[in-house]
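Below are the chains, spelled out letter by letter.
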Amino acid sequence: MVMANSFEEVISLIKDRLDIVDVISQYVVLKKSGANYWGICPFHNDSKPSMSVSPSKGIFKCFSCGTGGDALNFLVRIQNREYKDVILELAEKFGIELPKKFTPSNESKSQKADMLKACEKAAKFYNLQLKSADDANKAMTALRNRKISDEIINEFTLGWAPNKYDCLYKELSKEFNDDILEKAGLILKSNSGGWIDRFRNRIIIPIQNENGDYVAFGARAVDEGQNPKYLNSSDSIIYNKSKILFGLNLAKDAIKTEDSVLIMEGYFDVISAQANGIRNAVASCGTAMTADHVKLISRYTKSRRIFLSFDTDKAGINATKRGSEVIKDTLSVLGDVRQFDESHISSNLDNKYACEIRVVTPPQGKDPDEFIRTMGGDIFKEYIKDAPLLIDFLLNNVLKEKSNAKTPQEKADLVLQIIDILKSVNNKIIQSEYVKMVSAALSVNENAILKELAKQDYETRNTALPQKVVTNSSQFETKAQKNLLSVFLSNEGSNSYQKINELLPQDIIQDETLIIVKNTIDKFACTINNVRELTNNLYTEFIEDNNLTQILTDLVEMSEAFNNLDEDELLGAVRENIARLKKCYQERESKALREQYMQVNDDDLEALKIQMQLRDKIKLRTGDK
């Protein structure tokens, strides 16, 4: 067992034991080419080997989607887990003893293990009660009405909580103390000060994590007027409803095999789906979909094909909209959401996407559970097969109201709703095709819709937070600033840190993100004179920020250009980049001054003075005569 004195040292020791080729080879087929290895990037939809793995630098980089980092970054991203969880797991694997403040106490570990064991015992107790309790007939009748067989009851460990105050407590208190049972969410304090069962007179649906551990319970009412309809376990140290998907432990193999996932709304939707051969179905546990749910799903479907199947009422449609927004926001770093049918996209167009969201909509009035029970799994699979893309689902929901739009104002309101959907489509060809379809459906002039769409795009751009306009000039500025920073990560740069740093004017790095990188290099460079160690420290510092990690990987790649230069050549390259940057900054400032000059009102005497001052500044900046 190796003892680490700090969390940073833990990470350093872990990195020393991680071979980047071995790590990535567990997930990607790599082929050696020259000094590097190449493979198909797992972080975006790709068919060609665009990801390079460099054993000498200890980094990977995809030259298609831009993702990069070291071995630890790769594991965090590919597993879609919190970096601290990955580090704790690797520390245990490599026999690295954590500092006390980061080490879960034996008492805490024991408590967690006892809570998991108590939940498992409770699930089996409830399952037995379903088959033997005096009042279990109504529960069994309700399950049979849902066409749930004994086989499904056993597969999901469905159970019954008898209408008694403490039958579970009496059973489990023989083995577990009250504190464990309370923290596991199985018992509650009664008004008299004793303990009572949390769930009574309800069908019990055990919730398992992706590894199959019993961590919580959903409880369904059976009596008329019994409220709430569902009672769910509260969050605990073994259960976080925002990070667990019901049915994933049974669905994960099917999700991998089919490379798609069906997200449903409730426990019985999933149970009916899986019971009828739709094995890739999961649901959130009594909460709206979260980013953690999306990350969990994306571990199992490489191409991120996601089908949403919620109720068809207004609440279900709103849940579909909210869920799709969470999916898009979570996966937006990887690319765009696919829009328009694939058959309509020319093969020579760039068709990268982060995910494909489709919406399964059985006939109005039937929720997925009811539809599957009534019509069967095979018919539901046909609806999955023909499921429209999210954008088509959203547009169709708006167009359903076209017959109610009698006045020009009402029709204009529908157009505005449609424009709100279409403005998210980045591909202008696809966007224009949708405009044609909408124009025909609403009998509205196509050019009028396009103009309104352009107006909305303009307003969105100009009311958003200030962003840098990507131009050739700004791209050059960014590259030149990166060049200067990459020098510090070259073999020669590490030996000339002081000389290079003295050459850099204080404000030469102006990009806000690159300023963070420069300040961090300064922090470490005082005590580190080895490039590999400096790079490792930077990756550790930026481990929670994918953007900074990606920029750092770019810098490491760019630093190769400065290797094997003598000191004069290296310093000359630095001076050249500084001179070019200064010229870019001066040109940008002069342009801004000219624009300010042109906006001043000539009729105002004070404004004329400002014009004269601005003109003098412009001459000074540009050298005009």
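Every value quoted in this text rests on a predicted model; they were computed, and no experiment measured them.

For the protein chain, the count of helices and strands is 26 helices and 18 strands. Here the analysis covers contacts within the protein chain between residues at least 6 apart in sequence; of these, 66% occur between residues at least 24 apart. In the structure as shown, the protein chain presents an accessible area of about 32500 Å², 47% of it carried by carbon and sulfur atoms.

Our next topic: the pairing of strand E17 (residues 305–309). In terms of residue burial, E17 counts as a mostly covered element, since four of its five residues are buried. Note: strand E15 (residues 260–264) against E17, five bridges, orientation parallel. When the bridges of E17 are listed, serine 260 appears paired with arginine 305. Alignment of E17 against strand E18 (residues 356–359), held across four bridges, turns out to be parallel. Residue pairing across strands places leucine 308 opposite valine 359, the latter belonging to E18.

As a further point, take the packing of aromatic side chains. Any two aromatic rings considered together are summarised by their centre-to-centre distance and by the angle between their planes. Considering all chains together, one arrives at 13 aromatic pairs under this definition. A ring pair is formed by phenylalanine 60 and phenylalanine 74, whose centres lie 5.3 Å apart and whose planes are at 85°; its orientation type is edge-to-face. Taken together, the residues span a long stretch of sequence, with phenylalanine 60 in strand E5 (residues 59–62) and phenylalanine 74 in helix H3 (residues 71–79) at a distance of 14 residues. For the pair phenylalanine 60 and phenylalanine 74, a shared accessibility class is recorded, and that class is buried. Ring pairing ties together the aromatic residues Tyr27, Phe43, Phe60 and Phe74, which thus form one cluster. Sitting over the face of the ring of tyrosine 37, lysine 32 holds its NZ or CZ atom 5.8 Å from the ring centroid. The positively charged end of arginine 77 is found above the aromatic ring belonging to phenylalanine 43, 5.1 Å away from the centroid.

What follows concerns the confidence of the model for the protein chain. Scored by pLDDT, the protein chain comes out at a mean of 84, with 86% of its residues at no less than 70. Below a pLDDT of 50 lies the segment residues 342–353, which in the model reaches 15 contacts outside its immediate sequence neighbourhood of four places, other chains included. The model gives residues 463–471 a pLDDT under 50, and that stretch makes three contacts with residues more than four places away or in other chains.

Before going further, it helps to spend a moment on the sheet that holds strand E14 (residues 245–246). Taken in spatial order, the five strands of this open sheet run E14-E16-E15-E17-E18, and their pairing is mixed. For this open sheet the edge positions go to E14 and E18, each flanked by a neighbour on one side alone. Sheet topology note: the E15/strand E16 (residues 281–284) ladder contains three bridges and is parallel. What sits directly across from methionine 264, in E16, is alanine 283. Taken strand by strand, helix H11 (residues 267–275) contacts E14, E15 and E16, and its axis lies near 175° from that of E16.

Take unusual backbone geometry next. In terms of backbone geometry, most residues other than glycine have negative phi values and most peptide bonds are trans. The amide bond that connects asparagine 227 to the next residue, proline 228, takes the cis arrangement and shows omega of -5°. On the secondary structure map, proline 228 appears in the loop between strand E12 (214–221) and strand E13 (230–232). Its identity as a non-glycine residue notwithstanding, lysine 147 has a phi of 60°, on the positive side. By the element assignment, lysine 147 lies in the loop between helix H6 (137–145) and helix H7 (150–155). With a phi angle near 55°, asparagine 201 is a residue other than glycine that sits in the positive phi range. By relative accessible area, asparagine 201 is classed as buried at 6%.

The next point concerns the packing of helix H17 (residues 408–422) against helix H18 (residues 428–442). Relative placement of two packed helices is described by the angle separating their axes and the distance separating the axes. Where H17 meets H18, the axes come as close as 11 Å, and the angle between the chain directions of the two elements is 160°. With respect to H18, the axis of H17 lies roughly antiparallel. Viewed along their axes, H17 and H18 form a crossing whose handedness is right-handed. Contacts between H17 and H18 pair Lys411, Leu414, Val415, Ile418 and Leu422 from the former with Gln431, Tyr434, Val435, Val438 and Leu442 from the latter. Looking at the contact of H17 with H18 residue by residue, the classes come out as eight nonpolar, one polar and one charged.

Under the definition given, this model contains 24 salt bridges. Of the charged contacts, one joins lysine 241 and aspartate 235 as a salt bridge, the two residues approaching to 3.6 Å between their closest N and O atoms. When its relative accessible area of 40% is taken as the criterion, aspartate 235 is described as partly exposed.

Calculation notes
- Residues numbered from 1 in each chain as written.
- Predicted model: local features only at pLDDT ≥ 70, side-chain atom pairs only at ≥ 80, totals over all residues.
- Heavy atoms only, no water.
- Helix = DSSP H or I, 4+ residues; strand = E, 2+ residues; numbered from the N terminus.
- Contact = heavy atoms within 4.5 Å.
- Areas by Shrake-Rupley, 256 points an atom, 1.4 Å probe, with all protein chains shown as cover.
- Buried < 20%, exposed > 50% of the residue type's maximum accessible area, 1.4 Å probe, protein only.
- Pairing = 2+ DSSP bridges.
- Phe/Tyr/Trp six-rings, centres within 6.5 Å; stacked < 30°, edge-to-face > 60°.
- Lys NZ or Arg CZ within 6 Å of the ring centre and 35° of its normal.
- pLDDT = per-residue confidence, 0-100.
- Axes fitted to C-alpha atoms, helices over the stretch in contact; angles between N-to-C directions.
- Parallel < 35°, antiparallel > 145°, perpendicular 65-115°, else oblique.
- Left-handed = near helix turned anticlockwise from the far one by under 90°.
- Nonpolar A, V, L, I, M, F, W, Y, C, P; charged D, E, K, R; others polar.
- Salt bridge = Lys/Arg side-chain N within 4 Å of Asp/Glu carboxyl O.

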